[in-house]
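# Coordinates in review
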Amino acid sequence: MVRLIAHLDMDAFYASVELLRYPDLRGRAVVIGGGRRHQPVLRADGTRSYALLRDYTGRGVITTSTYEARALGVFSAMGVMKAAKLAPDAVLLPVDFDEYRKYSKQFKAAVRALAPVVEDRGVDEIYIDLTDVPGVQLDAGRAIAQQLKDAVFEATGGLTCSIGVTPNKLLSKLASEFDKPDGLTLLGPDDLETRIWPLAAKKVNGIGPKASSKLASFELHTVGDIAAADPHWLVEHFGQSYGAWLHAASHGRDERPVVTFSEPQSISRETTFERDLHAVRDRAELGRIFTELCEQLAGDLARKGYASRTIGVKLRFDDFKIVTRDLSLPAHTLDARTIRRAAGECLKRVDLTRRLRLLGVRAGALATLAELVAPQAASGADAAPALREPAASYTLPLFDSAPPGA
Ligand code: TTP
Ligand code: MG
Ligand code: MG
């Protein structure tokens, strides 16, 4: 049985999500990378007016553009001012990460319902191991891949994606780009020479700017050039492991498995006390434990690479009753003091007359730091989500409301 691995990547993802709510922009050059001041304005007659690139001043960077804008030379990571020279009449829209995350969850859920072995590769792409999907070996994955495309379109209310299906992740990642947008490309071992070898070396995931310029200095420009190079020579010039990998990759070999991992819904820390504690009489000790839990939780978030937008507390009283409260924040955070302050707000809404057996702090509504920070870097100051707040604005009130009956 041959392995059949799919790589699925959404088409012009942020821009396509925006077009779902602004369908009147379909067919126009649109770039995503503005800030709040570029929000479309609804006119009295029900039509909308949009910000145009020609009116932009600032240092923002484009996160992505529609294919109509790409035809004018406007791409991801380009400065908005530079793009304005190429496409002055293109529409500029602000970035709305929450919206993109929502659609990201939707398309991934739709895929998992049909083919459960999914590896998350960020906001708009996944690998899917199709090998064990019934019937898949009969048509090399064509039917299931088309079903996945249809399911994604259906679940998102109209988003298209492109899929590559090949025997491994390396080839599928390349193949998903071949026929974008709305593409479906199947490659087998026989296609290596005709479809993969002509590609520029830097197209291969793992050949970055440094390696590709070094390869170019030896006149190795395409994947085929690397494939034709002597493997010992590659090892000599690129090191044992990278040289060997270059040789294998250029021959379309890649044994990496599809690693399934589901994102946690929440991360929490809790502690059961050695003796039941009272909010007033044991205020100092509880306050210390509470702050420590928040600091540990912040550490967990940082280590695991998440930020949270909903902070909650959990309390178990001496009668074993459990109470939880939570609070949504204006922006994602992994800052211990912001978490501590939000958790403190939650505590204010709990009747603390009884003694406590257990105290916990929970971070929900998680987003990966990669999701939050990478687009931030790419889109400039306009769109920076407030991951950390300035330290100056804090005092650390411990149980700052006196519990009733104290
Ligand atoms: P990509 O999948 O690279 O691009 P895309 O989906 O916009 O277009 P394509 O049809 O070619 O796949 O990236 C996914 C999203 O990530 C993209 O919509 C916006 C964001 N992004 C950035 O914020 N900065 C960047 O430099 C890139 C490349 C993407
Ligand atoms: Mg994409
Ligand atoms: Mg992508």
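Structure shown above.
Now for a quick tour of the structure. (Residues numbered from 1 in each chain as written. Chains lettered and ligands numbered in written order. Predicted model: local features only at pLDDT ≥ 70, side-chain atom pairs only at ≥ 80, totals over all residues.)

Glancing now at the sheet that holds strand 10 (residues 161–166). The five strands are arranged 8-9-1-10-11 in an open sheet whose pairing can be described as mixed. Edge positions in the open sheet fall to strand 8 (118–120) and strand 11 (184–186), since each of these has one partner strand only. If you compare each strand with its neighbour and ignore which way they point, the axes differ by 15 degrees on average. Pairing of strand 10 with strand 11, which is carried by three bridges, proceeds in the parallel orientation. From the neighbouring strand, G164 faces strand 11, where its bridge partner is T185. Contacts from helix 4 (residues 97–114) reach strand 1 (5–10), strand 8 and strand 9 (125–129), with the element oriented near 160 degrees to strand 8. (Pairing = 2+ DSSP bridges. Helix = DSSP H or I, 4+ residues; strand = E, 2+ residues; numbered from the N terminus. Axes fitted to C-alpha atoms, helices over the stretch in contact; angles between N-to-C directions. Contact = placed C-beta atoms within 7 Å.)

What follows is about unusual backbone geometry. With an omega of -5 degrees, the peptide bond running from K180 to P181 counts as cis. Note that P181 resides in the loop between helix 6 (169–175) and strand 11. Within the chain, A140 stands out as a residue other than glycine whose phi angle is a positive 55 degrees. Note on placement: A140 falls in the loop between strand 9 and helix 5 (142–156).

Pairing within the open sheet is mixed, and its four strands lie in the order 5-7-2-6. Every other strand in the sheet has two partners, leaving strand 5 (51–52) and strand 6 (64–65) as the edge strands with one partner each. Note that strand 5 and strand 7 (residues 91–94) share two bridges and pair antiparallel. Bridge pairing links L52 to V91 in strand 7. Relative to strand 2 (residues 30–34), helix 1 (residues 13–21) is tilted by about 100 degrees, and along the sheet it contacts strand 2, strand 6 and strand 7.

Helices that pack against each other are described as a pair by the angle of their axes relative to one another and the distance between those axes. Closest axis-to-axis distance for the helix 12 (residues 283–304)/helix 13 (residues 336–348) pair is 8 Å, and the angle between their directions is 130 degrees. Taken together, the axes of helix 12 and helix 13 lie oblique to each other. As helix 12 runs across helix 13, the sense of the crossing is right-handed. Every residue of helix 13 that contacts helix 12 at T291, C294, E295, L297 and A298 is listed here: A336, I339, R340 and A343. Considered class by class, the residues forming the contact of helix 12 with helix 13 number six nonpolar, one polar and two charged. (Parallel < 35°, antiparallel > 145°, perpendicular 65-115°, else oblique. Left-handed = near helix turned anticlockwise from the far one by under 90°. Nonpolar A, V, L, I, M, F, W, Y, C, P; charged D, E, K, R; others polar.)

Further remarks concern the nonpolar core. By size, the foremost hydrophobic cluster in this structure holds 81 residues, and its most contacted members are V31, A90, I128 and L130. With seven residues, helix 12 is the single largest residue contributor to this core. With 19 residues, the next largest nonpolar core counts A175, A201, I207 and L215 among its residues. (Core = buried A, V, L, I, M, F, W, Y, C linked by C-beta atoms within 7 Å. Buried ≥ 20, exposed ≤ 12 C-beta atoms within 10 Å, placed from the backbone.)

This next bit is on the pairing of strand 10. In terms of burial, strand 10 is a largely internal element, six of the six residues being buried. Burial along strand 10 is two-sided: C161, I163 and V165 and S162, G164 and T166, pointing in opposite directions, are all buried. For strand 1 and strand 10, the ladder comprises six bridges, and the chain directions are antiparallel. Looking at the pairing, H7 lines up with G164 of strand 10. The parallel pair strand 10 and strand 11, bridged by helix 6, forms a crossover whose chirality is left-handed. (Right-handed = clockwise from strand over helix to strand, strands pointing away.)

Attention now moves to the pairing of strand 2. Burial analysis of strand 2 places five of its five residues in the buried class, which makes it a mostly covered element. Both strand 2 and strand 7 contribute to a ladder of four bridges, which runs parallel. Each residue of the ladder has a partner; that of V30, found in strand 7, is V91. Bridge count between strand 2 and strand 6: two bridges; the pairing is antiparallel. Bridge pairing links V31 to S65 in strand 6.

All right, on to the environment of V323 then. Its location among the elements puts V323 in strand 14 (residues 322–333). Its 16 C-beta neighbours within 10 Å are what place V323 among the partly exposed residues. Expressed as a C-alpha distance, the spacing of V323 and V313, which sit 10 residues apart in the sequence, is 8.2 Å. For V323, the contacting residues outside a window of four places in its chain are L315 and V350.

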